[in-house]
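Chain and residue survey
Residue-level listing of the chains:
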Amino acid sequence: MGTGQVIVVMGVSGTGKTTVGRLLAAALGLPYAEGDDFHPRANVLKMASGVPLDDADRWPWLDAVGAWARGTGPGGGVVAASALKRRYRDRLRAARPATVFVHLAGDRALIGRRMAARTGHFMPTSLLDSQFAALEPLGPDERGVTVDVHGTPEEVAARALAALRALRGAH
Ligand SMILES: Nc1ncnc2c1ncn2[C@@H]1O[C@H](COP(=O)(O)OP(=O)(O)O)[C@@H](O)[C@H]1O
Ligand SMILES: O=C(O)[C@H](O)[C@@H](O)[C@H](O)[C@H](O)COP(=O)(O)O
């Protein structure tokens, strides 16, 4: 899938970033990182208490994700990180120019159901509306693919791999 490529699996909470990101990393033989692990503790506590993050909360987190991406070296890697807004993705691209985004997209009802069924996670389903409100889909000039999240995780991962291959073929 290309030397030096970092794949950022993006999208709202509950859309399957972790699940699909791990499958992509395994399929590509790349290291995987969980974006949630880079949040300062204050961010996790804020979200857990039902308050959405703002830009100021997200900059240090994005810089930590970007540092991981840069640190993967020539081999690249896969990281799950919501990267909801264009300016957040700009920040990640500034840290690691060879970044490609996989936007996992689905309707609110489906994602809400999956999120509600998830256990042991700090993110409350009540924040899903704010996640959709913040979401800015990939622009035509942004290197990446948008992948629908219906079906099994394996189907979504296969769809993402095919879209990445097509993107690569187009360049
Ligand atoms: N394609 C899928 N079909 C059914 N359930 C899924 C699918 N993808 C993810 N899930 C489940 O939905 C929940 C949210 O997925 P997760 O990977 O944690 O999303 P995110 O990392 O974007 O928050 C988890 O409980 C996960 O097991
Ligand atoms: O910028 C944000 O508001 C957060 O990054 C958010 O988008 C993310 O979704 C949470 O960290 C919950 O984690 P999950 O995405 O794994 O639910």
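Just above, that's the structure.
Here we summarise the structure given alongside this text.

What counts, and where the lines are drawn
- Residues numbered from 1 in each chain as written.
- Chains lettered and ligands numbered in written order.
- Predicted model: local features only at pLDDT ≥ 70, side-chain atom pairs only at ≥ 80, totals over all residues.
- Heavy atoms only, no water.
- Core = buried A, V, L, I, M, F, W, Y, C linked by side-chain atoms within 4.5 Å.
- Buried < 20%, exposed > 50% of the residue type's maximum accessible area, 1.4 Å probe, protein only.
- Helix = DSSP H or I, 4+ residues; strand = E, 2+ residues; numbered from the N terminus.
- Contact = heavy atoms within 4.5 Å.
- Axes fitted to C-alpha atoms, helices over the stretch in contact; angles between N-to-C directions.
- Parallel < 35°, antiparallel > 145°, perpendicular 65-115°, else oblique.
- Left-handed = near helix turned anticlockwise from the far one by under 90°.
- Nonpolar A, V, L, I, M, F, W, Y, C, P; charged D, E, K, R; others polar.
- Near = heavy atom within 4 Å.
- Polar contact = N/O pair within 3.5 Å; in protein donor to acceptor, adjacent residues only side chain to side chain.
- Areas by Shrake-Rupley, 256 points an atom, 1.4 Å probe, with all protein chains shown as cover.

Some words on the nonpolar core
With 27 residues, the main nonpolar core has Val-8, Met-10, Val-12, Val-65, Val-79, Leu-92 and Phe-101 as its most contacted residues. Elements represented by at least two residues in this core include exactly strand E1 (6-10), helix H3 (55-71), helix H4 (86-95), helix H5 (108-117) and helix H6 (128-134). With 5 residues, H3 is the largest single contributor of residues to this core. If sequence neighbours within four positions are ignored, Leu-92 has contacts with Val-8, Leu-62, Val-65, Gly-66, Ala-83, Thr-99 and Phe-101. Counting 19 residues, the second-largest nonpolar core is a separate cluster that includes Leu-24, Ala-25, Leu-104 and Leu-164.

Focus: the packing of helix H1 (residues 17-28) against helix H7 (residues 153-169)
H7 packs onto H1 with a crossing angle of 60 degrees between their chain directions and a minimal axis gap of 9 Å. In terms of axis orientation, H1 runs oblique to H7. The element H1 and its partner H7 pack so that their crossing is right-handed. On the side of H1, the interface is formed by Thr-19, Val-20, Leu-23, Leu-24, Ala-27 and Leu-28, while H7 contributes Pro-153, Glu-154, Val-156, Ala-157, Ala-160 and Leu-161. Residues belonging to the contact of H1 with H7 are distributed by class as follows: 10 nonpolar, 1 polar and 1 charged.

A word on the site of ligand 2
Near ligand 2 there are 15 residues, and of these Ser-13, Lys-17, Asp-36, Arg-58 and Gln-131 occur at the shortest range. The contact in question runs from an oxygen atom of ligand 2 to an N or O atom on the side chain of Ser-13, over 2.5 Å. Contact distances for ligand 2 include 2.9 Å between an oxygen atom and a side-chain N or O atom of Arg-118. In isolation ligand 2 offers 400 Å² of accessible surface; the protein chains occlude 98% of this area. Residues that form the shell around ligand 2 fall into these classes: 5 nonpolar, 6 polar and 4 charged.

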